[in-house]
Amino acid sequence: MDPELINDCVHCGFCLPTCPTYALWGEEMDSPRGRIHLMKQHVEGTPVTPEMAGHFDACLGCMACVTACPSGVRYDRLIEQTRVEVEREHVREPQERAVRGIVFNLFPYPRRLRMLRPTMGLARRMAPFLERANPSLGAMAGLAPRVERRQRLPRLVRARGERRATVGMLTGCVQREFFPQVNAATARVLALEGCDVVVPPEQGCCGALSVHSGLDRQAGRLARRTVEVFERAGVDTVVVNAAGCGSTMKEYAELLGREPGFRVMDLSEYLAELGPVAKRHPLPLTVAYHDACHLAHAQGVRAQPRELLAGIPDLEVREIPESAICCGSAGTYNLLQPQAARDLGDRKAASVRTTGAELLVSANPGCTMQIAAAMKRAGADIRVAHTAEVLDASLRGVTL
């Protein structure tokens, strides 16, 4: 933990109303400044106690406090450094170790995730029984999405019409295996806007889940492989359609100690910079746009998705109350802290319901699963789509 970063915090309290766990429990040690106080104690010699580790584990890493902080405290770096220390020093209970072992030996590996695809329907039905055995296993089963037919993307998707740019595309892990239609829509949108899209088949996990959970060795290994793959592909821009992945890849220089040979941009960020050329067809829909935390807070990308949606004729965008409060997904948080995540998911679902929208638009697969599950619990199923899917439908003139 960096003492200089710790000392940047003046304990002013501007972070408190933005922190999801403080909003839930009102506990000082479950606020950003409270956790920074614990970090300072550790730097000054206090060992990582189980209670201290619990407060750090309870943080979603949503970075809303980074946006709110007037002093520019790098809480994002602090919590990542702290979690590395927790993993090195804290001895977890056997059941907790087992759950974490399942999660981090499964989700960063697309081929292993692929084996789960045929079991998704059964997992959803078994969720209540699994929850009695272990809340994390129950949460994992309850979040299982309805997976569409697997869609293989070619190594190169050619631009439609005049080629304006060449970009690489990250296919991800959860996105690739559980939401293949989002990757297909992303490639089509980029192609329709004049981009050759390079999709290296040998790519894997970017390391985001590992970074956010303090598994620095696994994170470094996965990040180095991702950099090597896209540098070999010879692209100068890599477009990412999952908020958590994009956030981590933009921090590769800090993680790996060198700048990669390409820039990383979120899909909406890149399309806004590129500018539209393809014709938008009307989509008569009311949509509620959900700000994924690692897009809005970590990357500062808020206006671009809204601008892209606003450019679609007949589509009305409605804002969600408390949009800055995390939905409770937060990478693996909804698996490792299922009760807190469920409470935040229910809170987000209630906010979404007030919009009266027909469709929820999200830019992160974890958020999509989390909010869809919460809406179902509330008896208010709502269709959920990625920004790329909405744009794809408009550009191709098809219904969504």
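These numbers come from a predicted model, not from an experiment.

With reference to specific residues and values, describe the layout of surface pockets.
Empty space within the largest pocket amounts to approximately 1200 Å³. Along its surface, the largest pocket is lined by 50 residues, and Pro 145, Thr 368, Met 369, Ala 372 and Ala 373 are the ones closest to its centre. Secondary structure elements with two or more residues in the lining of the largest pocket: α9 (120-133), α10 (135-142), α12 (180-192), α21 (338-355), α22 (365-377), β9 (383-386) and α23 (387-396). Residue contributions to the lining of the largest pocket peak at 9 residues, all from α22. Empty space within the second largest pocket amounts to approximately 860 Å³. What lines the second largest pocket is a set of 50 residues, among which Phe 107, Val 174, Phe 178, Leu 335 and Met 369 lie closest to the centre. For the lining of the second largest pocket, the elements supplying multiple residues, two or more each, are α9, α10, α11 (174-178), α13 (208-211), α15 (243-249), α18 (293-296), α20 (333-336) and α22.

Kindly report on the sheet that holds strand β5 (residues 263-266), identifying the contributing residues and their values.
Taken together, the 5 strands give an open sheet; going across it, the order is β1-β3-β2-β4-β5, and neighbouring strands pair in mixed fashion. One side of each edge strand has no neighbouring strand; the edge strands of this open sheet are β1 (156-157) and β5. One ladder, built from 2 bridges, connects β1 with strand β3 (residues 195-198); its direction is antiparallel. For Val 157, the partnering residue across the bridge sits in β3 and is Val 197. Across the sheet, helix α17 (residues 267-274) lies against β2 (165-169), β3, β4 (237-240) and β5, angled at about 95° from β5, the strand it touches most.

Please give an account of the packing of aromatic side chains that cites residues and values.
The full count for this structure, using the stated rule, is 1 aromatic pair. The ring of Tyr 109 has Arg 112 sitting right over it, with the charged end atom 4.0 Å from the ring centre.

Quick rundown of the pattern of salt bridges? Include the residues and the values.
Scanning the model with the defined rule gives 30 salt bridges in all. In this structure, Asp 291 engages Arg 306 in a salt bridge whose closest nitrogen and oxygen atoms are separated by 2.6 Å. In this pair, Asp 291 sits in the loop between β6 (285-289) and α18 while Arg 306 sits in helix α19 (residues 303-310), placing the two residues 15 residues apart along the sequence. As far as the burial class goes, Asp 291 and Arg 306 line up, both buried. For Asp 346, the salt bridge is made with Arg 377, and the minimal N-O distance between the two is 2.7 Å. Of this pair, Asp 346 sits in helix α21 while Arg 377 sits in helix α22, and the two are 31 residues apart along the sequence. Put simply, Asp 57, Glu 87, Arg 92, Glu 96 and Arg 100 are held in one network by salt bridges that share partners.

Outline the packing of α12 against α23, supporting the account with residue identities and numerical values.
At a minimum axis distance of 8 Å, the contact between α12 and α23 shows a crossing angle of 50°. Taken together, α12 and α23 sit at an angle that is classed as oblique. In this structure, the crossing between α12 and α23 has a hand that is left-handed. Within the contact between the two elements, α12 uses Gln 181, Val 182, Ala 185, Thr 186, Arg 188, Val 189 and Leu 192 and α23 uses Ala 388, Glu 389, Leu 391, Asp 392, Leu 395 and Arg 396.

Rules used throughout
- Residues numbered from 1 in each chain as written.
- Predicted model: local features only at pLDDT ≥ 70, side-chain atom pairs only at ≥ 80, totals over all residues.
- Heavy atoms only, no water.
- 1 Å grid on protein atoms, 1.4 Å probe; cavity = no way out; pocket = protein on both sides within 12 Å on 5 of 7 lines; lining within 4 Å.
- Points joined across faces, edges and corners; volume = space filled by probe spheres on them.
- Helix = DSSP H or I, 4+ residues; strand = E, 2+ residues; numbered from the N terminus.
- Pairing = 2+ DSSP bridges.
- Contact = heavy atoms within 4.5 Å.
- Axes fitted to C-alpha atoms, helices over the stretch in contact; angles between N-to-C directions.
- Phe/Tyr/Trp six-rings, centres within 6.5 Å; stacked < 30°, edge-to-face > 60°.
- Lys NZ or Arg CZ within 6 Å of the ring centre and 35° of its normal.
- Salt bridge = Lys/Arg side-chain N within 4 Å of Asp/Glu carboxyl O.
- Buried < 20%, exposed > 50% of the residue type's maximum accessible area, 1.4 Å probe, protein only.
- Parallel < 35°, antiparallel > 145°, perpendicular 65-115°, else oblique.
- Left-handed = near helix turned anticlockwise from the far one by under 90°.

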